[in-house]
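Spelled out from the first residue to the last, the chains are:
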Amino acid sequence: MDATLTAPVQIPDVAVEAPKAEEKNRHVAFICSKGTLDMAYPALVMGWAALGNGIDVTIFFTFWGMDIINKARIDHLELAPVANTSMKMSMMGVNTGNMGIPNALGVIPGMTAFATNLMKKKIAEVGAPPVREYLQMLVDGGAKLYACKMSVDMMGLSMDDFVEGVEAVVTASDFMDMTEGAQIIFI
Amino acid sequence: MGTRTIAGVTVQVNDEGFLTNPAEWNKSIAAEIAKEEGIATLSDAHWKVIDYCRGEANKLGGKSPTLRQITVGTGVQTKELFGLFPKGPAKKVARIAGLGKPEGCV
């Protein structure tokens, strides 16, 4: 465990030249627990916005959320239309109002790939990059990424399975230490 | 909304300190605001970003482009952009360039 991760921020007693810079910076921490395509984006979008506004960002990936940092999975996150009550036929450009995609249709082989491609297209249309590129932007902007130790042990993973930028595998207790005073968002 | 004098020029600013009329901006104002933002001198790399934002703002109704638009448009890498304008480049770039803060999320 890197000692710098848990070291408390030292605030000097006497303010020198720029007292503002010595104040503890706002810090937002995200817990990503889901591995579907649509659940990867909230932390990416909000984390990027936070970095752009000078807010420190920590992201903790746990359980299925580890797919977002898993080299083998990051480019293959999916969205299943089965039991997804928000995914309507109208998303496909057919003006059918509230008509959903029938679950019986959703189970047909290829429907998950179809829904995934549809969503990826919508994401690209608003100028948002794919997950791998977006995550790299956050790392380059200074976000700190960590994987959950219990999940890593459960799934038989190691640091070698993760994309560059993941700093360490940490315990829930470590996460609590490193996010003291932070605003925590669970996704 | 109000006015303030930067580098000897009185300019219109909003509550967050962004210039509301990009036409009132000049390079001395940029240098002065940069100092307030903790950037002692503006290098060529800073100006590359600022000039790009000024150019794009015409198409964006006086708003600064988003960070993603800046990196794609200038070729300046994300890491470099955060190095040039540390701690919140989105607002910092907009303020120094005399533009409104970016409206996109990416």
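A few points on the structure.

What counts, and where the lines are drawn
- Residues numbered from 1 in each chain as written.
- Chains lettered and ligands numbered in written order.
- Predicted model: local features only at pLDDT ≥ 70, side-chain atom pairs only at ≥ 80, totals over all residues.
- Heavy atoms only, no water.
- Buried < 20%, exposed > 50% of the residue type's maximum accessible area, 1.4 Å probe, protein only.
- Helix = DSSP H or I, 4+ residues; strand = E, 2+ residues; numbered from the N terminus.
- Arc of directions from axis to C-beta.
- Contact = heavy atoms within 4.5 Å.
- Pairing = 2+ DSSP bridges.
- Phe/Tyr/Trp six-rings, centres within 6.5 Å; stacked < 30°, edge-to-face > 60°.
- Salt bridge = Lys/Arg side-chain N within 4 Å of Asp/Glu carboxyl O.
- Polar contact = N/O pair within 3.5 Å; in protein donor to acceptor, adjacent residues only side chain to side chain.
- Nonpolar A, V, L, I, M, F, W, Y, C, P; charged D, E, K, R; others polar.

Here the focus is helix α3 (residues 67-74) of chain B. Buried within α3 of chain B are the following residues: Leu 67, Arg 68, Ile 70, Thr 71 and Thr 74 of chain B. For α3 of chain B, the buried positions fall inside an angular range of 160° around the axis, keeping them on one side. Next to the buried residues of α3 of chain B lie α3 (37-52) and α6 (131-140) of chain A together with α2 (44-57), α4 (78-84) and α5 (89-96) of chain B. Once α3 of chain B finishes, Gly 75 of chain B follows within two positions and takes phi at roughly 80°, a positive value.

To continue, consider the environment of Val 82 of chain A. Residues and elements named next belong to chain A. With respect to the element layout, Val 82 can be found in the loop between β2 (56-61) and α4 (103-106). Expressed as a C-alpha distance, the spacing of Val 82 and Met 119, which sit 37 residues apart in the sequence, is 14 Å. Apart from residues lying up to four places away in sequence, Val 82 is in contact with Asn 103, Gly 106 and Val 107.

Glancing now at the pairing of strand β2 (residues 9-13) of chain B. Regular strands have side chains that alternate between both faces of the sheet. Here strand β1 (residues 2-6) of chain B pairs with β2 of chain B via 5 bridges, running antiparallel. By the bridge assignment for β2 of chain B, Thr 3 of chain B is matched with Gln 12 of chain B.

A few words on the packing of aromatic side chains. For the coordinates displayed, the defined rule picks out 5 aromatic pairs over all chains. Ring geometry for Tyr 41 of chain A versus Tyr 134 of chain A: centroids 6.0 Å apart, planes at 65°, classification edge-to-face. Taken together, the residues span a long stretch of sequence, with Tyr 41 of chain A in helix α3 and Tyr 134 of chain A in helix α6 at a distance of 93 residues. Measuring from centroid to centroid gives 5.7 Å for Trp 48 of chain A and Phe 82 of chain B, while their planes differ by 55°, and the two rings are tilted. Taken as a pair, Trp 48 of chain A in helix α3 and Phe 82 of chain B in helix α4 lie in two separate chains rather than in one. Across this residue pair, the class does not change: Trp 48 of chain A and Phe 82 of chain B are buried.

Attention now moves to the environment of Gly 127 of chain A. Note on placement: Gly 127 of chain A falls in the loop between α5 (111-125) and α6. Judged by its relative accessible area of 36%, Gly 127 of chain A falls in the partly exposed class. Counting along the chain gives 76 residues from Gly 127 of chain A to Leu 51 of chain A, while the straight-line C-alpha distance between them is 18 Å. In this structure, Gly 127 of chain A is in contact with Arg 68 and Val 106 of chain B, ignoring residues within four places of it in sequence.

This next bit is on the pattern of salt bridges. All names here are of chain B. Under the counting rule described, the total for this entry stands at 10 salt bridges over all chains. Linking Glu 36 and Arg 4 is a salt bridge whose minimum nitrogen-to-oxygen distance equals 2.7 Å. One end of the pair, Glu 36, is in helix α1 (residues 27-36); the other, Arg 4, is in strand β1, and 32 residues separate them in sequence. For Lys 59, the salt bridge goes to Glu 56, with nearest N and O atoms at 3.0 Å. Each of the salt bridges in this network shares a partner with another, and the network as a whole consists of Glu 16, Lys 91 and Lys 101.

All right, on to the interface of chain B and chain A then. Chain B puts 12 residues into the contact, and the matching count from chain A is 16 residues. Inspection of the chain B/chain A interface yields 1 salt bridge. Among the ionic pairs, Arg 68 of chain B bridges to Glu 133 of chain A, the shortest N-O distance being 2.7 Å. Our enumeration of links across chain B and chain A arrives at 3 residue pairs in polar contact (both at pLDDT 80 or more). Elements with a contribution of two residues or more to the side of chain B that touches chain A: α3, α4 and α5 of chain B. Counted by class, the side of chain B that touches chain A contains 6 nonpolar, 2 polar and 4 charged residues.

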